[in-house]
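# Observations on the three-dimensional arrangement
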Amino acid sequence: MKRALLVLCVLSVLLASAITVGAPKMKVMLYSSMKDSQLSALQKAFSKKYPDIVFDYYTAGTGKVLTKLAAEQQAGGIAADMIWVGEPTNYVEFKQQGLLEKYVSPEAKTINAIYKDKDGYYCGARIVGLGIAYNTNNVKGKDIPKDWSDLLNPKFKGFLGMTDPAFSGTTLYTVAAFVQSPKYGYDFLKALKANDIKLVQGSSDSVTKVGSGEWDMSIAVDYIAKDQMGQGSPVGFVYPAGGASIVASPIAIVKGTKNLEAAKILYDYILSLDGQKVLVEANTIPIRTEIKLPDVDLGKLLANALPVDDYKLVAEKDDMLDKFVEIMRKK
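Here is a short report on the structure shown in this document. All residue numbers refer to position in the chain's written sequence, counted from 1. Local features are withheld for residues below a pLDDT of 70 in this predicted model, meaning they are given only at 70 or higher, and side-chain atom pairs are given and counted only at 80 or more; totals for whole chains, interfaces and linings count all residues. Hydrogens are left out, water is left out, and the side-chain values use all remaining heavy atoms of the structure.

### Points about empty space enclosed by the protein
For cavity detection a 1 Å grid was placed over the protein atoms alone, and a set of points counts as a cavity when a 1.4 Å probe fits there but cannot get out; an open set counts as a pocket when protein lies on both sides within 12 Å along at least five of seven lines, with lining residues being those that have an atom within 4 Å of a point. Grid points are joined across faces, edges and corners, and a volume is the space filled by probe spheres set on the points. If you walk through the whole model with that rule in mind, you get 1 cavity of 30 Å³ or more. Taken as a whole, the largest cavity spans an internal volume of roughly 30 Å³. What lines the largest cavity is Ala176, Val179, Gln180, Lys312, Leu313, Glu316 and Met320. The helix count covers DSSP runs of H or I at least four residues long, the strand count covers runs of E at least two residues long, and both are numbered beginning at the N terminus. Of all the elements, helix α12 (residues 310-329) adds the most residues to the lining of the largest cavity, at 4 residues.

### Overview of helix α4 (residues 89-96)
The buried label goes to any residue with under 20% of its type's maximum accessible area, the exposed label to any with over 50%, and the partly exposed label to all in between, with areas taken from a 1.4 Å probe on protein chains only. Of all the residues in α4, the buried ones are Thr89, Asn90, Tyr91, Val92 and Phe94. Any pair of residues with heavy atoms lying within 4.5 Å of one another is described as a contacting pair. For α4, the elements touching its buried residues are α3 (62-75), β3 (82-84), β4 (100-101), α5 (169-180), β10 (245-254) and α12. Just beyond α4, the residue with positive phi is Gly98, at close to 75°.

### Remarks on the nonpolar core
Judged by nonpolar contacts, the single largest core of 56 residues is most densely connected at Met82, Trp84, Tyr91 and Leu271. Of all the elements, helix α9 (residues 260-271) adds the most residues to this core, at 7 residues. Definition of nonpolar core: a set of buried residues of the types Ala, Val, Leu, Ile, Met, Phe, Trp, Tyr and Cys, connected through side-chain atoms within 4.5 Å. Formed by 45 residues, the second largest nonpolar core is a distinct cluster that contains Trp148, Val200, Leu306 and Val308.

### Regarding the pairing of strand β8 (residues 217-221)
Within β8, 5 of the 5 residues are buried, which leaves the element mostly enclosed by the surrounding structure. A two-sided burial pattern is seen for β8, the buried positions comprising Met217, Ile219 and Val221 on one face and Ser218 and Ala220 on the other. The pairing criterion is simple: DSSP has to find at least two bridges between the two strands. Pairing geometry for strand β5 (residues 123-135) and β8, over 5 bridges, is antiparallel. When the sheet's bridge partners are listed, Ile132 is paired in β8 with Ile219. In this sheet, β8 lies alongside strand β6 (residues 160-163) in parallel orientation, the contact comprising 2 bridges. Residue pairing for β8: Gly161 is matched across the bridge by Ser218.

### Observations regarding the side chain of Thr257
Here Thr257 is to be found in the loop between β10 and α9. Here a polar contact is recorded for every N or O atom pair within 3.5 Å, except that within protein the pair must consist of a potential hydrogen donor and a potential acceptor, and residues adjacent in sequence are included only if both atoms are side-chain atoms. Among the polar contacts listed, one links the side chain of Thr257 to the side chain of Asp81, at a separation of 2.6 Å. At 2.9 Å, the side chain of Thr257 forms a polar contact with the backbone nitrogen of Asn259.

### Considering the pattern of salt bridges
Only one rule defines a salt bridge in this text: a Lys or Arg side-chain nitrogen within 4 Å of an Asp or Glu carboxyl oxygen. Under the definition given, this model contains 15 salt bridges. Taking the shortest distance from any N to any O, the salt bridge between Lys317 and Glu93 comes out at 3.3 Å. Of the two residues, Lys317 is situated in helix α12 and Glu93 in helix α4; the sequence distance between them amounts to 224 residues. Look at Lys317 and you get buried, because its relative accessible area is 9%. A salt bridge links Asp143 to Lys142; its shortest N-O distance comes to 3.8 Å. Connected via shared salt-bridge partners are Lys95, Asp117, Lys118 and Asp119.

Right, here's the structure in full:
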């Protein structure tokens, strides 16, 4: 009898082990415009905490991510479970199109309401700041920029750059910040063109060209500039005194995903203090103000930001881009 019980116990253990080993892992796919180094760091930390979830991602510029989403939707199904691109107006449109799954994360309760969708379809997950990157070899002393107006200095004519807003969500948001501001407006864009500002398609390119010395200054993303600074590139970066462009880059779950449970876990992790700290280590400003930063006064930065009306931008986006193209094409 004892022998039979022993055999039964052993078989039960072996069967349980076999079921555990054979159980399929959960999966989650994220489409994002973030840098590969940031997503890789997040993937590594997440996979360590949740080894039974396979977390994969696709990264490209916002324009390319949106094109991929549109193509997959037309083909019959979006392969992504989550979306994390640059700026909030994309999510206003996603929500209007019925592409998002409603989810209110318990990790979002301390996040400022202005960075969360009131209906619970998306939530800001990081702060992207745009300011001015400059080449530290070419721009020194009193010429180091302090505000947006320094981009208009004739001394740097033809040696300025920015990312084309048609290819970058964060730059689009920045252009909207200028256009909606009574201090800047379209006149500021015309002045940038008069100072022979150049355009590139990638946000990283607008910093790389500064580091190489091809440009003296550019409108640039903070974490990209800081990443290149950390690699020894001769790049400096400032948040303009008159207000930086601040983008609360949101995350959202795709409606109808077959991996909803895994997507919610990843969503929670990104917003958690652990996930936010991983992003900070990858030169990203957190959405959680509980995390203190050594080089940025987050409260001051947010309070001084150039405001953008997201819904107004959605309504006027095409017209704004058309006017931008018209300004930049003028000889």
